[in-house]
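Structural description and commentary
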Amino acid sequence: QVQLVESGGGLVQAGGSLRLSCAASGRSFSNYAMGWFRQAPGKEREFVAFISWGGGGTFYADSVQGRFTISRDNAKSTVYLQMNSRKPEDTAVYYCAADWRPFQTAPPLLNEDDYDYWGQGTQVTVSS
């Protein structure tokens, strides 16, 4: 089992950058595939980015491809989401999620139901 806590959210101007962190507690973090999702006001939660257990596999939603980068530091039990070139439509609550999936790089996990563990979310607001 793993517990997830997101941090790094806040207010940023359009075009700016922000890095979110998701710290995990529990054993064997490196065996978990990790994902970032977001939920904007009045909308359903949507997939943002995925990274496999060892970091060798990543996948992004079309809306963030080329602007966001997901990475992980297994020694620190943390996954990151670097967000550049922010747009007002990136405003949302961002959640990290985990699923036990050692030694598997593919396929990427794109659906909420693929993940067993979730953080509480962190608010990101992009002003125009």
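Up top you'll find the structure we're talking about.
This text gives an overview of the structure that appears in the document. (Residues numbered from 1 in each chain as written. Predicted model: local features only at pLDDT ≥ 70, side-chain atom pairs only at ≥ 80, totals over all residues. Heavy atoms only, no water.)

Let's talk about the sheet that holds strand E3 (residues 18–26)
- Within the open sheet, the four strands sit side by side as E1-E3-E8-E7. Their pairing is antiparallel. Whereas interior strands pair on both sides, the edge strands pair on one side only; in this sheet they are strand E1 (2–7) and strand E7 (68–73). Looking at each pair of strands side by side, their axes are set apart by 15° on average, direction ignored.
- Direction of pairing for E1 relative to E3: antiparallel, over a ladder of six bridges. (Pairing = 2+ DSSP bridges. Helix = DSSP H or I, 4+ residues; strand = E, 2+ residues; numbered from the N terminus. Axes fitted to C-alpha atoms, helices over the stretch in contact; angles between N-to-C directions.)

Brief notes about the packing of aromatic side chains
- Under the defined criterion, the tally for this structure stands at eight aromatic pairs.
- For the pair tyrosine 32 and tryptophan 100, a centre-to-centre distance of 5.2 Å together with 85° between the ring planes defines the contact as edge-to-face. Highlighted residues: tyrosine 32 in strand E4 (residues 32–39) and tryptophan 100 in strand E9 (residues 92–100), separated in sequence by 68 residues.
- Accessibility expressed as a relative area gives 2% for tyrosine 32, which makes it buried.
- Judged by centre distance (4.9 Å) and plane angle (70°), the ring pair of tryptophan 53 and phenylalanine 103 falls under edge-to-face. Here tryptophan 53 is found in the loop between strand E5 (46–51) and strand E6 (58–60), whereas its partner phenylalanine 103 is found in the loop between E9 and strand E10 (117–118), with 50 residues between them in sequence.
- In this structure phenylalanine 103 comes out as exposed when scored by relative accessible area, which is 66%.
- Stacked on the ring of tryptophan 118, the Lys or Arg arginine 45 has its end atom at 4.0 Å from the ring centre. (Phe/Tyr/Trp six-rings, centres within 6.5 Å; stacked < 30°, edge-to-face > 60°. Buried < 20%, exposed > 50% of the residue type's maximum accessible area, 1.4 Å probe, protein only. Lys NZ or Arg CZ within 6 Å of the ring centre and 35° of its normal.)

In short, geometric facts, not functional conclusions.
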